[in-house]
Amino acid sequence: MGGRHVLRARRLMEGALDGLVGLVGLAERDGCDGLDGLDEEELVRAARAVVAELGSPGRLSALVAELAAGVGDPSGCARLSYRHVLGFDKLLLVSVGTRHMLRAHVWHPGSHRAGREDIHNHRSALASFVVRGTLGMELYETAGDGPLAAARYRESLSAEVSDWLLEPAGRARLRLTQTAEYTAGSGYALPSYALHRAWCASPGAAVTLFLETGAGRRRYTDVFTGDGRDGRAQAYAKEPLEVAEYLAELRALAELIGGSEELARS
């Protein structure tokens, strides 16, 4: 069982999102394109409201302090937390089974992994709320006459060790449709099929609260890159954090988001 703040976060996610996830699942079962339809748009709006509420300063700092004290399932959360290949630290905070996962993404400018992500979409609808710093983001669309040439890959999790597996899927042309910056207190939500990339746009660390709905609905995502990869399937290791490392990252996160007082009381 989790602590008071963990349980409140889990109940909020369940109450706001479970019914909508079920509607999308029924649409897919009945042969409808639920991922591109109205049901997912409703899920996107609900996820945005949930992550904004959970990301409010007092609520998030109390939640992180509780988790940093070892409340809940630190070993389970550590197994699903890692240094992401796209350039940020990904810390699982609260999950509702495999249906919804609330994570903190911590971006560190100047690290060897810092930079802009590859252009990609997701397996399910998502919402992100900026807690600290500034996040830059671009939206793209595929277009036969688009000015950006890219190699296309299908990204999935390898069956044996759950590493990221990139398999070549041809070439594509893309067009930039929107550029935006999100500062602390703002955020965005996207359907699963939206192509985008994000990066830390502030001189210091940026922290975002990231809500993934209906985890695992799609078997793969699309990744577009212009980095000259050699066209062969490639695997990138996903190395989970150790429990002690995970708890240390939570304590550092609490300091970043101004939760030192809550941490001292926990």
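Residues numbered from 1 in each chain as written. Predicted model: local features only at pLDDT ≥ 70, side-chain atom pairs only at ≥ 80, totals over all residues. Heavy atoms only, no water.

Peer 1: Honestly, the nonpolar core in this entry has me stumped. Any pointers?
Peer 2: The nonpolar side chains of soluble globular proteins are, as a tendency, buried together. Judged by nonpolar contacts, the single largest core of 43 residues is most densely connected at M13, L102, L250 and L253. With seven residues, the top contributor of residues to this core is helix α2 (residues 38-54). Residues in contact with L102, not counting those within four places in the same chain, are M13, V51, L54, L63, L91, L92, L93, V94, L209, F210 and L211. (Core = buried A, V, L, I, M, F, W, Y, C linked by side-chain atoms within 4.5 Å. Buried < 20%, exposed > 50% of the residue type's maximum accessible area, 1.4 Å probe, protein only. Helix = DSSP H or I, 4+ residues; strand = E, 2+ residues; numbered from the N terminus. Contact = heavy atoms within 4.5 Å.)

Peer 1: Looking at this structure, how should I read the sheet that holds strand β11 (residues 206-213)?
Peer 2: Strand pairing in a sheet is mediated by backbone hydrogen bonds. Such pairs are either parallel or antiparallel. Read from one edge of the open sheet, six strands run β1-β2-β3-β11-β5-β9, paired in antiparallel fashion. Two strands in the sheet have a free side with no partner beyond their single neighbour: β1 (82-83) and β9 (187-190). Note: β1 against strand β2 (residues 89-96), two bridges, orientation antiparallel. Each bridged residue has a counterpart across the sheet, and for R83 the counterpart in β2 is D89. Its contacts with the sheet place helix α5 (residues 243-256) against β1, β2, β3 (100-107), β5 (126-132) and β11, and it is angled at close to 95° to β2. (Pairing = 2+ DSSP bridges. Axes fitted to C-alpha atoms, helices over the stretch in contact; angles between N-to-C directions.)

Peer 1: Any chance you could explain the packing of aromatic side chains here in plain terms?
Peer 2: Here the distance between the centres and the angle between the planes together describe a pair of aromatic rings. A full pass over the atoms with the stated rule returns two aromatic pairs. Geometrically, the ring pair formed by Y182 and Y188 is tilted, given 5.0 Å between the ring centres and 45° between the ring planes. Overall, Y182 belongs to the buried group, its relative accessible area being 13%. (Phe/Tyr/Trp six-rings, centres within 6.5 Å; stacked < 30°, edge-to-face > 60°.)

Peer 1: Explain the packing of helix α3 (residues 57-68) against α5 to me, please; I cannot follow it from the model alone.
Peer 2: Two numbers describe a pair of packed helices, the interaxial angle and the distance between the axes. Relative orientation of the contacting elements α3 and α5 amounts to 155°, with a least axis distance of 9 Å. In terms of orientation, α3 and α5 fall into the roughly antiparallel class. Crossing handedness for the pair α3 and α5: left-handed. Residues V64, L67 and A68 of α3 lie in contact with α5, whose contacting residues are L247, L250, R251, L253 and A254. In the contact of α3 with α5, the residues fall into seven nonpolar, no polar and one charged. (Parallel < 35°, antiparallel > 145°, perpendicular 65-115°, else oblique. Left-handed = near helix turned anticlockwise from the far one by under 90°. Nonpolar A, V, L, I, M, F, W, Y, C, P; charged D, E, K, R; others polar.)

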